[in-house]
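Tertiary structure, described
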Amino acid sequence: MEKFNIYCDESCHLPNDNSNFMVIGGIKCPKSKAYLLNHEIKALKVKHGLFEYSELKWNKVTEKKLDLYKDVVDLFFKYDFLTFRAVLAENKKSLSLDKYNISYDDWYYRIYYLALKEMIDINNTYNIYIDIKDTNGTMKISKLQDVLNHTLYDFSSSTVSKIQEVRSDQVNILQLSDILIGAISHNARGLSSSKAKTELISYISEKAQRPLIYSSPKSEIKFNIFRWSPRGVHNVWML
């Protein structure tokens, strides 16, 4: 049995943010390798002239820092023990939440469930770290932990042993998740105002050997995207 950490983040998760997409996903890393990876990300920051505790974020990608962000992306693809999965939820404005008697937050955590359920199995144990969304997340992530474990018929809650909200500025691997998720979101929304971000999207796509807009084959473990639509929009099921 191996222990893993999963570092999760999201983009365009608010209900009225004028985006028709939401992206939720995360990086899975063996717990034994987490210190190594965090240390290497810090070292890259220093190499490129930043303070080691500076925060890397998709929104901070500029031409001046592009080489740094490419090096951080290279770090993800360098190590076979790192995997990434994201759910690209489209047509957010077409959700029929009242029809299914669920709230927007309920839907948000169901997309989280879709992102995580393919990253875990009952033969290992997982600590999941989620970027803080708001002050009301503690109860919801406890419910998410129960649902994930029960899906695996683990009623002792030993598979997903912990889900914890953390601050992304304090966790380097979470910052790497933010970069990958930000690239998928930026690309899906068709934004083109930043030459540096457009170049970084192309760089990630080249490394992943696939466009960042379509669902990956389920067999693709290293860099997996699942594109989700509300039922009735593209005839795709909805939880």
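As the structure is a computational prediction, the values presented were derived from the model and not from experiment. (Residues numbered from 1 in each chain as written. Predicted model: local features only at pLDDT ≥ 70, side-chain atom pairs only at ≥ 80, totals over all residues. Heavy atoms only, no water.)

1. Quick look at the sheet that holds strand β3 (residues 83–89)
With respect to topology, 6 strands assemble into an open sheet ordered β5-β4-β1-β2-β3-β6, the strand pairing being mixed. Only two strands of the sheet have a single partner each, and these edge strands are β5 (160–166) and β6 (223–228). Taken pair by pair, the neighbouring strands of this sheet meet at an average axis angle of 15 degrees, ignoring direction. Sheet topology places strand β2 (residues 22–30) next to β3; 7 bridges connect them, and they run antiparallel. Within the sheet, the bridge partner assigned to Ile-24 lies in β3 and is Val-87. (Pairing = 2+ DSSP bridges. Helix = DSSP H or I, 4+ residues; strand = E, 2+ residues; numbered from the N terminus. Axes fitted to C-alpha atoms, helices over the stretch in contact; angles between N-to-C directions.)

2. Points about the packing of helix α1 (residues 34–47) against helix α5 (residues 172–188)
Orientation of α1 relative to α5, taken along the N-to-C sense of each, is 70 degrees, at an axis distance of 8 Å. With respect to each other, α1 and α5 are oriented roughly perpendicular. Residues Ala-34, Leu-37, Asn-38, Ile-41, Lys-42 and Lys-45 of α1 touch α5, and the partners they reach there are Asn-172, Ile-173, Gln-175 and Leu-176. Residues that form the contact of α1 with α5 fall into these classes: 5 nonpolar, 3 polar and 2 charged. (Parallel < 35°, antiparallel > 145°, perpendicular 65-115°, else oblique. Contact = heavy atoms within 4.5 Å. Nonpolar A, V, L, I, M, F, W, Y, C, P; charged D, E, K, R; others polar.)

3. A closer look at the packing of aromatic side chains
Considering all chains together, one arrives at 12 aromatic pairs under this definition. On the basis of an interplanar angle of 80 degrees and a centroid distance of 4.9 Å, the ring pair of Phe-76 and Phe-77 is categorised as edge-to-face. In this structure an aromatic cluster arises from ring pairing among Phe-76, Phe-77, Phe-84 and Phe-223. Taking the ring centre of Phe-4 as reference, the NZ or CZ of Lys-28 above it sits at 5.1 Å. Directly above the aromatic system of Phe-76 lies the positively charged group of Lys-222, at a separation of 4.2 Å from the ring centroid. (Phe/Tyr/Trp six-rings, centres within 6.5 Å; stacked < 30°, edge-to-face > 60°. Lys NZ or Arg CZ within 6 Å of the ring centre and 35° of its normal.)

4. Re the environment of Phe-77
With respect to the helices and strands, the residue Phe-77 is situated in helix α2 (residues 66–78). Given the relative accessible area of 17%, Phe-77 is considered buried. Along the backbone, Phe-77 and Ile-204 are 127 residues apart, and their C-alpha atoms lie at a distance of 9.3 Å. Not counting residues up to four positions away in its chain, the partners in contact with Phe-77 are Ile-204, Lys-207, Ala-208, Lys-222 and Phe-223. (Buried < 20%, exposed > 50% of the residue type's maximum accessible area, 1.4 Å probe, protein only.)

5. Thoughts on the environment of Ile-41
Note on placement: Ile-41 falls in helix α1. Taking the C-alpha atoms as reference, Ile-41 lies 9.5 Å from Leu-56; in sequence the two are 15 residues apart. Those residues in contact with Ile-41 that lie beyond four places of it in its chain are Leu-56, Leu-75, Asn-172, Ile-173 and Leu-176.

By themselves, these observations are geometric and do not establish any function.
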